[in-house]
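Examining the three-dimensional arrangement
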Amino acid sequence: MYTVKDNHISVCHVVALPYPGRGHINPMLNLCKLLSSKKPDNTLLITTVVTEEWHGFIGSDPKPDNIRFATLPNAIPSELVRANDFPGFVEAVNTKLEAPFEQLVDRLEPPVSAIVADPYVVWAVRVGNRRNIPVAALWPMPASVFSFFHHFELLKQNGHFPLDVSERGDEIVDYIPGLGTTSIADLPTIFSADGLKTLDRAIEAVSGVADKAQYLLSTSVYELEAQVFDTLKAKFALPVYPIGPSIPHLELSKSPPTDHNDLNNWLDSQPKHSVLYISLGSFLSVSKSQMDEIVAGVRNSGFRFLWVARGDASKLKDSVGDKGLVVPWCDQLRVLCHDSIGGFWSHCGWNSTLEAVYAGLPVLTCPIFWDQMPISKQIVEDWKIGYRVLKKKVGAAEHEHLVSREEIAELVQRYMDLESKEGKEMRKRAKQLQETCHGAIAKGGSSDKNLDAFLEDISRGHH
Ligand code: UDX
């Protein structure tokens, strides 16, 4: 239990407010642990604020003494998530939790020194501003996506809004500062007609950072997106601190949890770099007919696999063959860093992507929506450490986008081939990115220095 032992020591009390979703809570918790590891004495206290439901999921996870939880009421019906009602979910987060959060901030002891909030919790900056508490926005997606949102007006001015992916997906966008060139099909789907219901909130999130926050923290690594960061730093008056990868790498030095022994034993018994790890994300998935082709393609490729699938795991087990394991959940970063893993088939969530880079793995990309399109483009075209499985939905009718089982089996074989010239070069680039990423978090690396600078700023009350 954390206690403020000495009243003479001034305690920097950080309130961390993640967005209620796994891909947002994980990087926030990791940032809390990183900050805590830098100040293991009692000069830093972190209160992480989550809904009661999320507290049930993560409240008993091990954490350092100077991190504690506080909860907000369960005002966001889980059914919305299960029903894939994304706009409904976003609306509930936006309208139900601001007042309870503000009352909590008023009650907390010692008084709050800084709020670190996910910018998608759009009211957090308002609360900080009203209470005269500095707010650091933790951007949980690539900096490039922040820049797309920030320069949204340019899309309009160039006649590219709303995005018309099927008719104009091949057109090039080359006017976003710091971003090089990208095709319309690789922009975040939120700019297309389907995403418009949530676009206003994303734009509000980003403009809230620019206009009202005191710091911009990013889960990315400076060297991975240097041009974008340079552009943002030149443009913004507030400090921009890339502190990533904000992934659970500190946990890796601890012994593996015992409840996953079967999985660990299985991984230990596989040949080096032989297993394809597959995780297609939790929110939206591919069509049933595409899923059937994926399952058959993986089975026919002949490669070993470890497949994380919630919900329909038992059905998948029956149809995918016996060269692998299907599990409902795993300690993903630990798995990716295991010697037996040779590849990662990913939906291109940003955290998963950072974890792939950290583990030095190339990626088979399967982007579905939101920021996953530009992330896939970053992986395949910019970093050149992967292949894309699904076709871009440009021009052709829906059924022509279906990737067949034969194509998938062939792609998996090409991707898992460690001996081909192409495979060796791709893996070499993945290792180079891995070194960059490890260098950034090592003592004196870019992310490490940014964390120090941020801690010093908030400890001294600078903003
Ligand atoms: C969401 C959006 O989908 C994504 O586009 C955005 O970039 C972040 O928010 P999510 O779909 O949850 O993210 O994916 P991702 O960002 O990859 O985060 C998933 C997290 O869950 C990762 O940290 C991953 O390691 C973890 N995970 C997943 C596990 O630990 N075990 C699993 O079995 C599956």
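Cut-off values and rules
Residues numbered from 1 in each chain as written. Predicted model: local features only at pLDDT ≥ 70, side-chain atom pairs only at ≥ 80, totals over all residues. Pairing = 2+ DSSP bridges. Helix = DSSP H or I, 4+ residues; strand = E, 2+ residues; numbered from the N terminus. Axes fitted to C-alpha atoms, helices over the stretch in contact; angles between N-to-C directions. Buried ≥ 20, exposed ≤ 12 C-beta atoms within 10 Å, placed from the backbone. Core = buried A, V, L, I, M, F, W, Y, C linked by C-beta atoms within 7 Å. Contact = placed C-beta atoms within 7 Å. Near = placed C-beta within 6 Å. Nonpolar A, V, L, I, M, F, W, Y, C, P; charged D, E, K, R; others polar. pLDDT = per-residue confidence, 0-100.

On to the sheet that holds strand β14 (residues 363-365). One open sheet accounts for 6 strands, arranged β12-β11-β10-β13-β14-β15; its pairing is parallel. Each having just a single partner strand, β12 (324-327) and β15 (386-388) make up the two edges of the open sheet. Adjacent strand axes in the sheet meet at a mean angle of 15 degrees, parallel and antiparallel pairs treated alike. Where strand β10 (residues 275-279) meets strand β13 (residues 341-346), 5 bridges bridge the pair, whose relative direction is parallel.

With that settled, the discussion passes to the environment of E204. Relative to the assigned elements, E204 resides in helix α10 (residues 196-212). Looking at E204, the number of C-beta atoms within 10 Å reads 17, which means it is partly exposed. As a C-alpha pair, E204 and F149 span 55 residues in sequence and 9.3 Å in three-dimensional space.

Our focus in this paragraph is the nonpolar core. V14, V116, A136, A137, L216 and L217 are the most contacted members of the largest nonpolar core, which has 127 residues in total. The residues contacting L217, other than those within four sequence positions of it, are V116, A136, A137, L138, W139, Y241, I243 and F454.

Moving on, we get to the site of the ligand. Near the ligand there are 25 residues, and of these G23, Q332, G349, W350 and S352 occur at the shortest range. Sorting the residues of the shell around the ligand by element identifies α1 (22-38), α15 (332-336) and α16 (350-359) as the ones contributing at least two each. A per-class count over the shell around the ligand returns 9 nonpolar, 12 polar and 4 charged.

When pLDDT is averaged along the protein chain, the result is 90; 94% of the residues meet or exceed 70. Confidence drops under pLDDT 50 across residues 1-8; counting only partners more than four residues distant or on other chains, this segment forms 8 contacts. In the predicted complex, the global pTM is 0.94; the interface-specific ipTM is 0.98.

With that out of the way, let us pick up unusual backbone geometry. The linkage connecting E109 with the following residue, P110, adopts the cis geometry, with an omega of -15 degrees. Along the polypeptide, P110 turns up in the loop between α5 (98-107) and β4 (114-117). Of note in the backbone geometry, N132 takes a positive phi value of approximately 55 degrees without being a glycine. Along the chain, the position of N132 falls in the loop between α6 (124-130) and β5 (135-139). Although it is not a glycine, K384 sits at a positive phi angle of roughly 55 degrees. With respect to the helices and strands, K384 occurs in the loop between α17 (372-382) and β15.

This part covers the sheet that holds strand β2 (residues 44-51). Whether parallel or antiparallel, the strands of a sheet pair through hydrogen bonds between backbone atoms. Overall, parallel pairing links the 7 strands, which are arranged β3-β2-β1-β4-β5-β8-β9 in an open sheet. Since the sheet does not close on itself, it has two edges, and those belong to β3 (67-72) and β9 (240-242), each with one partner. For this sheet the average axis-to-axis angle between neighbouring strands, irrespective of direction, equals 25 degrees. One ladder, built from 5 bridges, connects strand β1 (residues 12-17) with β2; its direction is parallel. Bridging from a neighbouring strand, A16 pairs with T48 of β2. Strand contacts of α5: β1, β2 and β3, with the helix running at about 140 degrees to β3, the strand carrying the most contacts. On the sheet, helix α20 (residues 446-459) packs against β1, β4, β5, β8 (215-218) and β9 and is oriented at approximately 135 degrees with respect to β9.

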